[in-house]
Amino acid sequence: MSRTFEELADEAGAVSVDGWDFSWLVGRATEERPSWGYQRLMSGRLASASSALDIQTGGGEVLAGAAKFPPAMAATESWPPNVAKATELLHPRGVVVVADPDEPPLPFADAAFDLVTSRHPATVWWAEIARVLKPGGTYFAQHVGPETVFELTEVFLGPLGEEVRRKRHPDEETAQARAAGLEIADLRTERLRMAFFDIGAVIYFLRKVIWTVPGFTVEGYRDRLRELHEKIEAEGPFVAHSCRTLIEARKPRHT
């Protein structure tokens with residue numbers, strides 16, 4: 001028998017959403033992965049770097065997948081539960097985890113790193129990235145692209161305007177990077193299918209990925225959640241799409 005809306009909502013509303021591990025969704029939701037394999041590519045770059053910084057590292061799970069770190073390796077994170085989680089995971093491997101608000105300035109000197117990485121940063125401060133990179137250094141990251149999971153966002157917030165849809169567009173991001181003095185070495189974008197098989201998966205996702213529906217709570221959207229639960233029960237998985245951008249930008253060697 002299918003579980004009731006109340007059972008699914010209560011379970012997903014109570015489970016911890018600390019860190020950036022989505023294993024709770026196994027069997028309940030799926031998301032296609034970009035073809036390039038960010039973690040593998042990041043790991044290769046870290047192995048040949050002499051100093052590196054991972055911005056907005058979350059719980060450190062992605063960075064921890066690297067096989068080898070450079071002699072000087074640091075990571076920043078703003079959310080206290082994630083700072084604690086990343087510290088526990090990364091300190092044994094010699095990574096310094098810095099609790100840092102997601103706003104300039106980064107707590108490092110000019111030209112401190114030859115590599116800066118980030119996976120799914122909430123915001124990108126291009127001028128700060130350029131500042132802490134050494135001449136000839138590289139920013140290598142996977143960004144969340146435009147209109148990610150907008151099908152789900154619009155269920156709760158209604159139709160979104162063109163200005164919102166243009167946010168995180170690769171054209172705008174590359175223009176901002178160039179304005180900060182960086183040169184674009186690589187840029188790739190893919191749109192990927194997501195499927196949510198029950199309302200519990202939707203609730204967990206919205207609690208964890210908080211910018212999808214800002215201010216989301218189960219109680220605040222209970223009626224809309226119940227409607228979506230009934231739709232999934234009647235029609236099958238709720239399908240949305242994510243967008244991912246791989247970007248590599250370099251700081252020129254000349255000043």
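In the block above lies the structure referred to throughout.
Please read these numbers as outputs of a predicted model, since none were measured by experiment.

Colleague: So what exactly am I meant to see when it comes to the pattern of salt bridges here?
Modeller: Close approach of charged atoms lets side chains of opposite charge pair. Considering all chains together, one arrives at 17 salt bridges under this definition. We note a salt bridge from Arg-226 to Glu-6, for which the minimum N-O separation is 2.9 Å. Placement of Arg-226 in helix 9 (residues 222-235) and of Glu-6 in helix 1 (residues 5-14) is noted, with a sequence separation of 220 residues between them. Judged by its relative accessible area of 29%, Arg-226 is partly exposed. Arg-28 is the salt-bridge partner of Asp-198, the closest N and O atoms lying 3.1 Å from each other. In this pair, Asp-198 sits in the loop between strand 7 (183-196) and helix 8 (199-208) while Arg-28 sits in the loop between helix 1 and strand 1 (29-31), placing the two residues 170 residues apart along the sequence. Given the relative accessible area of 15%, Asp-198 is considered buried. Classification of Arg-28 by relative accessible area gives buried; the value is 11%. The structure contains a network of salt bridges with shared partners spanning Arg-3, Glu-11, Arg-28 and Asp-198.

Colleague: Looking at this model, I keep getting lost on the sheet that holds strand 7. Mind explaining?
Modeller: Pairing between the strands of a sheet is mediated by backbone hydrogen bonds and can be parallel or antiparallel. In spatial order, the strands read 1-7-8-6-5-2-3-4; together these eight strands make up an open sheet with mixed pairing. A single partner strand is all that each edge strand has here, and the edge strands are strand 1 and strand 4 (96-99). For this sheet, the mean inter-axis angle between neighbouring strands, taken without regard to orientation, is 15°. In this structure, strand 5 (residues 113-119) lies alongside strand 6 (residues 133-144), joined through six bridges in parallel fashion.

Colleague: Is there a simple way to explain the packing of helix 5 (residues 150-157) against helix 9 in this structure?
Modeller: If you want to describe how two helices pack, look at the angle between their axes and the distance between the axes. Where helix 5 contacts helix 9, the axes come no closer than 9 Å and their chain directions differ by 130°. With respect to helix 9, the element helix 5 is oriented oblique. Contact residues: helix 5 offers Leu-152, Val-155 and Phe-156, while helix 9 offers Arg-224, Leu-225 and Leu-228. Residue composition of the contact of helix 5 with helix 9, grouped by class: five nonpolar, no polar and one charged.

Colleague: How do you make sense of the environment of His-169 when you look at a structure like this?
Modeller: With respect to the helices and strands, His-169 occurs in the loop between helix 6 (162-166) and helix 7 (170-179). Along the primary structure His-169 and His-91 are separated by 78 residues, whereas in three dimensions their C-alpha atoms are 35 Å apart. Within the structure, the side chain of His-169 is placed 3.0 Å from the backbone nitrogen of Asp-171, a separation counted as a polar contact.

Colleague: When you look at the nonpolar core in this model, what are you seeing that I'm missing?
Modeller: Most often, soluble globular proteins have nonpolar side chains that are buried together. If you look at the biggest cluster of nonpolar residues, it comprises 29 residues, and the most contacted ones within it are Leu-152, Phe-156, Phe-196, Val-202, Phe-216 and Leu-225. For this core, the elements supplying multiple residues, two or more each, are helix 1, helix 5, strand 7, helix 8, helix 9 and strand 8 (238-250). Counting residues per element, this core draws most heavily on helix 8, at seven residues. Among the nonpolar cores identified, the runner-up in size contains 21 residues, and Trp-36, Ala-52, Ala-75 and Leu-115 belong to it.

Colleague: Explain the packing of aromatic side chains here, please?
Modeller: Think of a pair of aromatic rings as described by two things: how far the centres are apart, and how the planes are tilted against each other in angle. In the structure shown here, the tally under the stated rule is eight aromatic pairs. Where Phe-216 meets Tyr-221, the ring centres are 5.8 Å apart and the plane angle is 15°; that geometry is what we call stacked. Among the residues examined, Phe-216 registers a relative accessible area of 12% and is labelled buried. Site record: aromatic cluster; members linked through ring pairs are Phe-156, Phe-216 and Tyr-221. A cation over an aromatic ring shows up here: Arg-45 above the ring of Phe-140, its NZ or CZ 4.0 Å from the ring centre. Across the ring face of Phe-22, the terminal group of Lys-208 is positioned such that the distance to the ring centre comes to 5.3 Å.

Thresholds applied
Residues numbered from 1 in each chain as written. Predicted model: local features only at pLDDT ≥ 70, side-chain atom pairs only at ≥ 80, totals over all residues. Heavy atoms only, no water. Salt bridge = Lys/Arg side-chain N within 4 Å of Asp/Glu carboxyl O. Helix = DSSP H or I, 4+ residues; strand = E, 2+ residues; numbered from the N terminus. Buried < 20%, exposed > 50% of the residue type's maximum accessible area, 1.4 Å probe, protein only. Pairing = 2+ DSSP bridges. Axes fitted to C-alpha atoms, helices over the stretch in contact; angles between N-to-C directions. Parallel < 35°, antiparallel > 145°, perpendicular 65-115°, else oblique. Contact = heavy atoms within 4.5 Å. Nonpolar A, V, L, I, M, F, W, Y, C, P; charged D, E, K, R; others polar. Polar contact = N/O pair within 3.5 Å; in protein donor to acceptor, adjacent residues only side chain to side chain. Core = buried A, V, L, I, M, F, W, Y, C linked by side-chain atoms within 4.5 Å. Phe/Tyr/Trp six-rings, centres within 6.5 Å; stacked < 30°, edge-to-face > 60°. Lys NZ or Arg CZ within 6 Å of the ring centre and 35° of its normal.

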